[in-house]
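# Remarks on the overall topology
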Amino acid sequence: MKMIAHYHNAGFESVADGVMDFFERREDLQRPGVAFGPGGSEAEPAKVSTDISLVAHHGSDSEAFALADVIVRAVSAGLDHYLQERPLLRQVCPDQELFVMPIFNLQRYAPGEGFRQWHCDWTISDEATEPVHRVLAWILYCDSVDQAGTEFHWQEHHEVAERGKLVIFPASPSHIHRGRVNNELSKTIATGWINAGSREGFIKRLAHS
Ligand SMILES: [Fe+2]
């Protein structure tokens, strides 16, 4: 439990409201967020959702960029707290540096949908977000939904979905988790990763790829 932290304040609540508003209005950016992944299959995908991908860097869509930037700043503030409370974590990271990955997702789960497969956020696949460098994952719950949220396997812990609550936890298999599916209500989150290294270094590599 010591590595699962949640932060909740008025600032996160207003970011959550911004996500809800953006999601409703920007149907043009919504994509099916189906993930098959390990353990998933065509008959039963690991995840069913509607997603909007955001990039907090040089967006051609200024509204999407502005929201992405606000979210990354909010999560970075949460990360600062997380690391202050756990100085050893920063110490063991290469260059003692971590940053909030500027590429991340907004996800809406309709009633009965969810990331129902047990999984962790660490993988060695070759993606733009450099998953091999992932140290932590984050979720910002954007609405309050009873009997939803995230279940952590080893910790036997349930994190309730509450509007404006930011949760940070390790991306590794030590924190295998899944979404708790609600069959009556929909749930919206923003979610992404925190990688080892510097944001500047990442942006440079992204520009050259
Ligand atoms: Fe996850």
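Residues numbered from 1 in each chain as written. Predicted model: local features only at pLDDT ≥ 70, side-chain atom pairs only at ≥ 80, totals over all residues.

### Things to note about the overall build of the protein
In terms of helices and strands, the protein carries 4 helices and 13 strands. What you see for the protein is a C-alpha radius of gyration of 16 Å, in line with the 17 Å of a compact globule of 209 residues. If you line up the protein on its principal axes, its C-alpha atoms span 45 × 40 × 40 Å. Partitioning the intrachain contacts of the protein with sequence separation of at least 6 by distance along the chain shows that 76% fall at a separation of at least 24. (Helix = DSSP H or I, 4+ residues; strand = E, 2+ residues; numbered from the N terminus. Rg over C-alpha atoms; globule rule 2.2 N^0.38 Å. Contact = placed C-beta atoms within 7 Å.)

### Some remarks on unusual backbone geometry
For Gln96, which is not a glycine, the phi torsion comes out positive at approximately 50°. Summarising the element assignment, Gln96 is placed in the loop between helix 3 (87-92) and strand 5 (98-100). Given 12 C-beta atoms within 10 Å, Gln96 falls into the exposed group. You will see that Gln147, though not glycine, has its phi angle at about 55°, which is positive. Of the residues examined, Gln147 has 13 C-beta atoms within 10 Å and is grouped as partly exposed. (Buried ≥ 20, exposed ≤ 12 C-beta atoms within 10 Å, placed from the backbone.)

### Regarding the nonpolar core
Among the nonpolar cores identified, the biggest contains 45 residues, and Leu136, Trp138, Leu140 and Ile194 are the most heavily contacted of them. For this core, the element with the highest residue contribution is helix 2 (residues 62-85), accounting for 8 residues. In this structure Leu140 touches Phe12, Val15, Ala16, Leu166, Ile189 and Ala190, once residues within four positions along its chain are discounted. (Core = buried A, V, L, I, M, F, W, Y, C linked by C-beta atoms within 7 Å.)

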